Amino acid sequence: MISGLRGWLALSFAALMAGCSRTPNDVTTLTYGLTLAPTGIDPHINASAELGIPLDSVYDTLVVQDPESGKILPGLAERWEISPDGRTYTFFLRRDVRFHDGTMFAADDVVANLDYVVNPDHHSQKAVFLLGPFERAEVVDLYTVAIHLTQPFAPLLDSFSQVYLGMASPEALDAWGPAEYQFHQVGTGPYRFVEYVAEDRLILEKNSDYAWPPPTARRAQPFFDRIVFRFFEDPATRAIALENGDVDVLGEVPRHEAERLDASDGFTLTPVAIPGQPTQFLFNTTLPPTDDLRVRQALLAATDRGAIVNTVFGPMSPVAEGPLSSGLWSDPEAPVFAPFDPGEAAQLLETAGWTLGPNGRRSRDGTALKISIVTPGWGSHPEVAQLLESAWEALGAEVAVELAPGFGLLREAQTRGEYNLIGINFFGTDPDLLRPMYASDGLYNWTGYLDPSLDSMLAQAAALPLGSEERRALYLEVGRLLRSEALVLPIRDYTNLVVASDRVTGLAFAHSGWFPLLRDLQLAP
């Protein structure tokens, strides 16, 4: 089927690129811009938020989150029960759902999906962590499945609302395997996966058989027949693509260009707050000189985070005051995370033995103070890294910045371990996303910091009921420990500047922030 569509699409390529124009017998097409070319787009294996922009509409999830309140609502599961000990979740599934390949969705498909995620040979980068203390999935009957945990895990429903645990056709998973499935994805959602050409295009088509929209849907069937996703990795090309009509919707538009387009006729700017971790850099506590707490504290004190945010992001991005965005989890009793104080920074370095020489550079025992920063290429991290370089060189350090434009290159740089700071952040609506970042055995513990008391707090918090004061108190304590140990340099609460042509209406986003509700988009009257 896919190869046939490719031939047909090749003949119709000019029509695909025509954007949103429509005559009564035309296929309606939307062109949506992506700003990062992920190294892989299987949501069960890969971790990029960018992959969810198209694929959130290819897959349905067991439960959904209300876009406004975040309340958990029915999805593929009509209802669910949680055992008194919090270790078993039983989902009662809809009986009218079909995968895009025509097979019926049932309980054994849930088991197959979870087995695929937790298979250690597949090296899941995110989905496996969303399952927490997962033990096994069990078919109770044809349309009932039980998820067994080794201990309570409060974020599980939140996890099952995310595309990374979207339900895929087991037949497709088996047929293509973890290497090729990303090119042949099969879900149950309002859009079908048609084609993916890495770094060029991704094409979806409306699923005309879709008859099981979640209660959050404003439309039972999508308006657009086809959505073509194109890649605009260079920020300088994004405003031009919008103005030329090459794309109808595009996120991560640079601040000044976004403001300019919003002030002009024909475009609307939508700032979207993204819950989770801020734009940030993690300190490597295993490599000198950042293995010294005083050096980490000095670098924090020498950073004017407010000036950086104002310069790079402008007033629509708040200054970050902790390891989580303020909209997700804030500590009203905490002072400013790292007050800008160059004098304090200099004093800390002097105390640590890093003295300032006549050449304006600091050294200790004949060794120069050198700081290595590894920055990803997305989210304006490179611009932030340049400002950090300038600030810390003024303090007397020699600073080197290495750009890792893709996640694979970022991971390679992290594996080498030759960095003092590295930029990475993940997004989500539950603070449990701190666990893989800071737990001693966390896959993304790139600080190298090991602390059994921190491990215990993260594990305890994950097991406590959502909304409980005890859970909140534990996460506040985690935040204070990360602050006192100077493990993270938070910059700004992430805000995605999305610009859309006025030809498109109904633009709204999931509670997670990144993912547009594509089924609700339509042409302006």
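For the structure, see preceding data.
A brief report on the enclosed structure follows. (Residues numbered from 1 in each chain as written. Predicted model: local features only at pLDDT ≥ 70, side-chain atom pairs only at ≥ 80, totals over all residues. Heavy atoms only, no water.)

Focus: the layout of surface pockets
- By volume, the largest pocket is sized at about 870 Å³.
- Lining the largest pocket are 43 residues, with Glu252, Trp378, Gly379, Ser380 and Tyr494 positioned closest to its centre.
- Put simply, the parts of the chain that give the lining of the largest pocket at least two residues each are helix H13 (381–394) and strand S21 (495–501).
- Broken down by element, the residue count for the lining of the largest pocket peaks at three residues, all from H13.
- The class makeup of the residues in the lining of the largest pocket is 21 nonpolar, 14 polar and eight charged. (1 Å grid on protein atoms, 1.4 Å probe; cavity = no way out; pocket = protein on both sides within 12 Å on 5 of 7 lines; lining within 4 Å. Points joined across faces, edges and corners; volume = space filled by probe spheres on them. Helix = DSSP H or I, 4+ residues; strand = E, 2+ residues; numbered from the N terminus. Nonpolar A, V, L, I, M, F, W, Y, C, P; charged D, E, K, R; others polar.)

Observations concerning the nonpolar core
- One finds Phe91, Leu93, Ile147 and Phe160 to be the most contacted residues of the largest nonpolar core, which totals 80 residues.
- Of the residues forming this core, the biggest block, six residues, is contributed by helix H4 (residues 107–118).
- Ignoring any residue separated from it by four or fewer positions in sequence, one finds Phe160 in contact with Thr61, Leu62, Val63, Phe91, Leu114, Leu131, Ile147 and Leu165. (Core = buried A, V, L, I, M, F, W, Y, C linked by side-chain atoms within 4.5 Å. Buried < 20%, exposed > 50% of the residue type's maximum accessible area, 1.4 Å probe, protein only. Contact = heavy atoms within 4.5 Å.)

A few points about the sheet that holds strand S16 (residues 367–368)
- Pairing is antiparallel across the open sheet formed by three strands, whose spatial order is S14-S15-S16. The open sheet terminates on both sides in strands that have one partner only, identified here as strand S14 (355–356) and S16.
- Pairing geometry for S14 and strand S15 (residues 362–364), over two bridges, is antiparallel. What sits directly across from Thr355, in S15, is Ser363. (Pairing = 2+ DSSP bridges.)

Remarks on the packing of aromatic side chains
- Here the structure, examined in full by the defined rule, presents 14 aromatic pairs.
- Between Tyr32 and Phe229 the ring centres are 5.6 Å apart and the planes differ by 40 degrees, which places this aromatic pair in the tilted class. Of this pair, Tyr32 sits in strand S1 (residues 29–34) while Phe229 sits in strand S10 (residues 226–231), and the two are 197 residues apart along the sequence. Note on accessibility: Tyr32 and Phe229 belong to one class, buried.
- Between Phe99 and Phe105, the ring centres sit 5.9 Å apart and the planes meet at 80 degrees, which makes this aromatic pair edge-to-face. When sorted by exposure, Phe99 lands in the same class as Phe105, which is buried.
- An aromatic cluster is defined as three or more aromatic residues linked by ring pairs; in this entry it consists of Phe129, Phe407, Phe426, Tyr444 and Trp446.
- Across the ring face of Phe92, the terminal group of Arg79 is positioned such that the distance to the ring centre comes to 3.8 Å. (Phe/Tyr/Trp six-rings, centres within 6.5 Å; stacked < 30°, edge-to-face > 60°. Lys NZ or Arg CZ within 6 Å of the ring centre and 35° of its normal.)

Focus: the pattern of salt bridges
- Inspection of the entire model under this criterion finds 24 salt bridges.
- One salt bridge in this structure joins Asp200 and Arg230, with 3.6 Å as the shortest N-O distance. You can see Asp200 sitting in the loop between strand S8 (191–197) and strand S9 (201–206) and its partner Arg230 sitting in strand S10, a full 30 residues away along the chain.
- The exposure class of Asp200 is partly exposed, given its relative accessible area of 26%. (Salt bridge = Lys/Arg side-chain N within 4 Å of Asp/Glu carboxyl O.)

Thoughts on empty space enclosed by the protein
- For the structure on display, the rule yields four cavities of 30 Å³ or more.
- Computed from the structure, the largest cavity encloses a volume of approximately 510 Å³.
- In terms of lining, the largest cavity is formed by 36 residues, of which the most central are Asp56, Thr61, Val64, Ser161 and Ala510.
- Considering each element in turn, the lining of the largest cavity owes the most residues, three residues, to strand S2 (residues 63–65).
- Considering only residue class, the lining of the largest cavity consists of 20 nonpolar, eleven polar and five charged.
- Approximately 240 Å³ is the volume attributed to the second largest cavity.
- Taken together, the elements giving at least two residues each to the lining of the second largest cavity come down to helix H5 (127–130), helix H6 (156–160) and helix H15 (435–438).
- Split into classes, the residues belonging to the lining of the second largest cavity amount to nine nonpolar, five polar and five charged.

Points about the environment of Phe183
- Positionally, Phe183 belongs in the loop between helix H7 (170–180) and S8.
- Accessibility expressed as a relative area gives 23% for Phe183, which makes it partly exposed.
- For the pair formed by Phe183 and Phe193, sequence separation is ten residues and the distance between their alpha carbons is 8.7 Å.

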